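Residue-level structure breakdown
Take a look at the letters that make up each chain.
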Amino acid sequence: MFRLSILNYSVSVLLLLDKTAKIQSLVYGTPVENCRSMIPQHDYNLPQWMDPPPYNLSASVILSNTTTTQFNVTLFAKHGATFKGFFIQARSLTGDRADAILGSFDPVEDSRIAHLINCPVGANNAATHNLNSPKRFVTFVWNPPADFEGKFYFV
Ligand SMILES: *[C@@H]1O[C@H](CO)[C@@H](O)[C@H](O)[C@H]1NC(C)=O
Ligand SMILES: *[C@@H]1O[C@H](CO)[C@@H](O)[C@H](O)[C@H]1NC(C)=O
Ligand SMILES: *[C@@H]1O[C@H](CO)[C@@H](O)[C@H](O)[C@H]1NC(C)=O
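Residue indices follow the written sequence of each chain, beginning from 1 at its first position. Chain labels run from A onward and ligand labels from 1 onward, assigned in the order the entries are written. Given that the model is predicted, a residue must reach a pLDDT of at least 70 before its local features are reported, and side-chain atom pairs must reach 80 or more before they are shown or counted; all residues, however, enter totals for whole chains, interfaces and linings. Side-chain measures were taken over the full set of non-hydrogen atoms in the model, leaving aside hydrogen atoms and water.

As recorded in an unreviewed UniProt entry, the protein chain goes by Reelin domain-containing protein and comes from Daphnia magna.

Here you go:
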């Protein structure tokens, strides 16, 4: 029996995204080898830091009862910008498991847009693009691990 209180969660968002104009996205999304670093490894591209970022990654609780909590995780481009590739995970900020990749995403509704991958040591714990066409908006449902209490963030 576990207790999951939404009050123990604090959601914050870090962005590690690439400026669309200068990056080429792999057509079929991020390979599992990139799970930990999340840095594009192809075409000699490096992360492009922009402040403020032209993208918004935000999360909100969409279901919360005594047994289940679910989050809506949405990435969108601001001011008419677009993105081609993306890679989204939840990471722990808590104790022994700090920086662990957490939870799982629900199956993706539109398989043209995205698919889930299994980063070590979980299942469906990261979402990445399917096609490198320009996008303005993607949204996922994410489930925290049943035994998790603490802080986490989406990246
Ligand atoms: C990102 O979008 C959310 C939801 O629309 C909004 O509440 C938040 O203020 C936005 N953050 C930034 C930095 O624009
Ligand atoms: C919590 O919500 C889930 C999903 O809707 C549902 O399956 C479950 O029965 C609910 N649990 C309780 C205790 O209401
Ligand atoms: C998630 O949030 C986005 C942006 O606010 C919204 O368009 C979408 O309908 C939401 N999805 C769910 C399942 O609530």
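1. Here's the deal with the sheet that holds strand β9 (residues 126-129)
Two orientations exist for strands paired in a sheet by backbone hydrogen bonds: parallel and antiparallel. For clarity, the cut-off: Here, strands pair whenever DSSP counts at least two bridges between them. Counting from the N terminus, the helices are DSSP H or I runs at least four residues long and the strands are E runs at least two residues long.
Read across the sheet, 3 strands follow the order β4-β9-β8 without closing on themselves; strand pairing throughout is antiparallel. Looking at strand neighbours, the two that pair on one side only are β4 (87-88) and β8 (114-117), the edges of this open sheet. Looking at chain direction, β8 and β9 are connected through 4 bridges and run antiparallel. Following the sheet pairing, H115 is matched in β9 by T128.

2. Thoughts on the sheet that holds strand β2 (residues 55-64)
Read from one edge of the open sheet, 4 strands run β2-β3-β10-β7, paired in antiparallel fashion. Only two strands of the sheet have a single partner each, and these edge strands are β2 and β7 (104-105). The pairing of β2 with strand β3 (residues 69-77) spans 9 bridges and is classified as antiparallel. Considered in β3, the bridge of V61 is made with F71.

3. Observations regarding the pairing of strand β10 (residues 137-143)
The sheet contact formed by β3 and β10 spans 6 bridges and is antiparallel. Its bridge partner being in β10, N72 is matched across the sheet by V141. Pairing between β7 and β10: 2 bridges, direction antiparallel. Following the sheet pairing, S104 is matched in β10 by N143.

4. Focus on the site of ligand 3
Selection criterion: Neighbouring residues are identified by heavy atoms, a residue being near a molecule or strand if any of them is within 4 Å of it. Under this definition, polar contacts are N or O atom pairs within 3.5 Å; protein pairs additionally need one hydrogen-donor-capable and one acceptor-capable atom, and for neighbouring residues in sequence, both atoms have to be side-chain atoms. Using the Shrake-Rupley algorithm and a 1.4 Å probe, accessible areas are obtained, with residue cover drawn only from the displayed protein chains. Ten residues, namely Ala, Val, Leu, Ile, Met, Phe, Trp, Tyr, Cys and Pro, are considered nonpolar, four, namely Asp, Glu, Lys and Arg, are considered charged, and the remaining ones, Gly among them, are considered polar.
Near ligand 3 you find I62, N72, T74, F137 and T139, and these make up its full shell. Contact distances for ligand 3 include 2.3 Å between an oxygen atom and a side-chain N or O atom of N72. Between an oxygen atom of ligand 3 and a side-chain N or O atom of T74, the distance comes to 3.3 Å. Coverage of ligand 3 by the protein amounts to 41% of the 360 Å² it exposes when considered alone. The class makeup of the residues in the shell around ligand 3 is 2 nonpolar, 3 polar and no charged.

5. Considerations on the state of the cysteines
To keep it simple, the criterion reads: Defined by distance alone, a disulfide is two cysteine sulfur atoms within 2.5 Å. For every residue, the accessible area (1.4 Å probe, protein chains only) is compared with the maximum for its type, and the residue is labelled buried under 20%, exposed over 50%, or partly exposed between those bounds.
Within this structure, the stated rule accounts for 1 disulfide. Here C35 is linked by a disulfide to C119, with a sulfur-sulfur distance of 2.0 Å. Across the S-S bond of C35 and C119 the torsion is about -80°, and the bridge reads as left-handed. With C35 in the loop between β1 (11-13) and β2 and C119 in the loop between β8 and β9, this residue pair connects regions lying 84 residues apart in the sequence. By the burial criterion, C35 is buried, and C119 matches it.

6. Considering the environment of I39
Position of I39 among the secondary structure elements: in the loop between β1 and β2. Judged by relative accessible area, I39 falls into the partly exposed class, the value being 32%. Along the sequence, I39 and F87 sit 48 residues apart, while their C-alpha atoms lie 9.4 Å from each other.

7. Points about the pattern of salt bridges
The following threshold applies: Salt bridge, as applied in this entry: a Lys or Arg side-chain nitrogen positioned within 4 Å of an Asp or Glu carboxyl oxygen.
Taken as a whole, this structure holds 3 salt bridges when the rule is applied. Taking the shortest distance from any N to any O, the salt bridge between D99 and R91 comes out at 3.2 Å. For R91, a relative accessible area of 4% gives the class buried. We note a salt bridge from R112 to D110, for which the minimum N-O separation is 2.9 Å. By relative accessible area, which is 60% here, R112 ends up exposed. For D110, a relative accessible area of 26% translates into the label partly exposed.

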